[in-house]
Amino acid sequence: MADTPLKRIPREKLDQEFALAWDTLNRLTGEPAFVEAFAGSPELLRFVMNEFYGKIFFGGRVAEKYKQLARLYLSTIHGCRTCNKQNVPGSLAAGVSAAQVEAIREFETGPFDAAEKAVLRYAAQMVMTNPDGLMTAELHRQLRAHFSDAEICELGVVMAVIAGMAKLAFVLDLVEKESYCEFARPAA
């Protein structure tokens, strides 16, 4: 259970426009702390839900399947249990197979095609625990075989926002963490 110090606005007091987001998050994760905390700053919640997710993540140039793969990889590596609870069904709905979900941590040997592996190699450079992340000429070549430079930028922005929001969610204690999460606080 999230233990955020931020004031949480309960569902019955949310603006109607955020009720669906609360319902969805609660149904998928059982933990709607993100919506409840950010509802105190409706312009920020609108930005995340409408501008980022609505226009970029679920829209944009790049097929959603690739963004879902990157998001699932990041949440799995970062150890965000709340994120994983919503990212697995999101990935499956976007066409990622159950076998791919199972193999996400070992994608190099998993059932991924060349485009998917390129996206996941890019995601591996973007994880918070990789301070040496780099777009090498080889990685760029692999990505360019499937994506334009504009699409590579879009994938990067998606991963940067997701990783940044994950870090914020960890700092504000808005999510549950997996037992292996490097950002979990030691028991007091």
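Note that residues are indexed from 1 along each chain, following the sequence as it is written. Only residues with pLDDT of 70 or above have their local features reported here, since the model is predicted, and side-chain atom pairs are shown and tallied only from 80 upward, although totals for entire chains, interfaces and linings are computed over all residues. Water and hydrogen atoms play no part in the side-chain values, which are based on all heavy atoms of the structure.

Participant: Describe the layout of surface pockets, listing the residues and the values that go with them.
Facilitator: Its boundaries defined by the atoms lining it, the largest pocket holds a volume of some 690 Å³. Only DSSP runs of H or I reaching four residues or more are called helices, and only runs of E reaching two or more are called strands; each is numbered from the N terminus. Of all the elements in the fold, those that place two or more residues in the lining of the largest pocket are α1 (16–29), α2 (33–38), α3 (42–57), α4 (64–78), α5 (81–93) and α9 (149–171). Tallying contributions element by element places α5 first for the lining of the largest pocket, with seven residues. Along the lines of polarity and charge, the residues of the lining of the largest pocket split into 21 nonpolar, eight polar and three charged. Computed from the structure, the second largest pocket encloses a volume of approximately 150 Å³. A 1.4 Å probe that fits into a set of points on a 1 Å grid over the protein atoms alone but cannot get out defines a cavity; an open set with protein on both sides within 12 Å along at least five of seven lines defines a pocket, and lining residues are those with an atom within 4 Å of a point. Every residue along the wall of the second largest pocket is listed here: E17, F18, L20, A21, T24, M49 and N50. Counting residues per element, the lining of the second largest pocket draws most heavily on α1, at five residues. Along the lines of polarity and charge, the residues of the lining of the second largest pocket split into four nonpolar, two polar and one charged. Grid points are joined across faces, edges and corners, and a volume is the space filled by probe spheres set on the points. Classification used: nonpolar for Ala, Val, Leu, Ile, Met, Phe, Trp, Tyr, Cys and Pro, charged for Asp, Glu, Lys and Arg, polar for all others including Gly.

Participant: Report on α4, specifying residues and quantitative values.
Facilitator: To estimate how far a helix should reach, multiply one less than its number of residues by 1.5 Å. Taking 1.5 Å per residue, 15 residues should reach 21 Å; α4 reaches 21 Å between its end C-alpha atoms and fits that length. G79 sits one or two positions beyond α4 and adopts a positive phi of about 85 degrees.

Participant: So what's going on with the side chain of S75? Which residues, and what values?
Facilitator: One can find S75 in helix α4. Here a polar contact is recorded for every N or O atom pair within 3.5 Å, except that within protein the pair must consist of a potential hydrogen donor and a potential acceptor, and residues adjacent in sequence are included only if both atoms are side-chain atoms. A polar atom in the side chain of S75 sits 3.2 Å from the backbone oxygen of L72.

Participant: Give me the state of the cysteines: which residues, what numbers.
Facilitator: The criterion for a disulfide is a pair of cysteine sulfur atoms lying within 2.5 Å. Applying the stated rule across the entire model yields one disulfide. Each disulfide pairs two cysteine sulfurs, and for C80 the partner residue is C83, the sulfurs being separated by 2.4 Å. Here C80 and C83 share a disulfide; its torsion about the S-S bond, 65 degrees, makes the bridge right-handed. For the pair C80 and C83, a shared accessibility class is recorded, and that class is buried. Here the term buried applies to any residue with accessible area under 20% of the maximum for its type, exposed to any over 50%, and partly exposed to those in between, with areas from a 1.4 Å probe on protein chains only.

Participant: Lay out the pattern of salt bridges with the relevant residues and their values.
Facilitator: Any two side chains of opposite charge can pair, given that their charged atoms come close. Salt bridge criterion: a side-chain nitrogen from Lys or Arg within 4 Å of a carboxyl oxygen from Asp or Glu. Under the criterion given, the structure shown has 13 salt bridges. Across the salt bridge formed by E36 and R8, the nearest N and O atoms sit 2.6 Å from each other. Of this pair, E36 sits in helix α2 while R8 sits in the segment before α1, and the two are 28 residues apart along the sequence. Overall, the relative accessible area of 8% leaves E36 in the buried class. Residue R8 is classed as partly exposed on the basis of its relative accessible area, which comes to 24%. Shared partners join several salt bridges into a network, and the residues in it are R8, E31 and E36.

Participant: Quick one: what's the story with the nonpolar core, residue by residue and with numbers?
Facilitator: Ranked by size, the top nonpolar core spans 32 residues in total, and within it Y73, F147 and L155 carry the most contacts. Going through the elements one at a time, α3, α4, α7 (114–126), α8 (137–144) and α9 are the ones with two or more residues in this core. Every residue in contact with L155, bar those within four places of it in the chain, is listed here: V62, Y66, K67, V119, Y122 and F147. What we call a nonpolar core is a set of buried Ala, Val, Leu, Ile, Met, Phe, Trp, Tyr and Cys residues that are connected through their side-chain atoms within 4.5 Å. Membership of the second largest hydrophobic core comes to 22 residues, among which are L45, C80, A169 and C181. Two residues form a contact once any of their heavy atoms are found within 4.5 Å.

Participant: How would you sum up α9? Please name residues and give values.
Facilitator: Taking 1.5 Å per residue, 23 residues should reach 33 Å; α9 reaches 33 Å between its end C-alpha atoms and fits that length. Following α9 by one or two positions, D173 adopts a phi angle in the positive range, close to 55 degrees.

Participant: Now, about the environment of R144: what can you tell me, with residues and values included?
Facilitator: Tracing the sequence through the fold places R144 in helix α8. Since its relative accessible area comes to 41%, R144 is described here as partly exposed. Residues R144 and A115 lie 29 residues apart in sequence; the distance between their C-alpha atoms is 9.3 Å. Apart from residues no more than four positions distant in its own chain, R144 is found in contact with D149 and I152. For R144, the side chain forms a polar contact with the main-chain oxygen of F147, separated by 3.2 Å.

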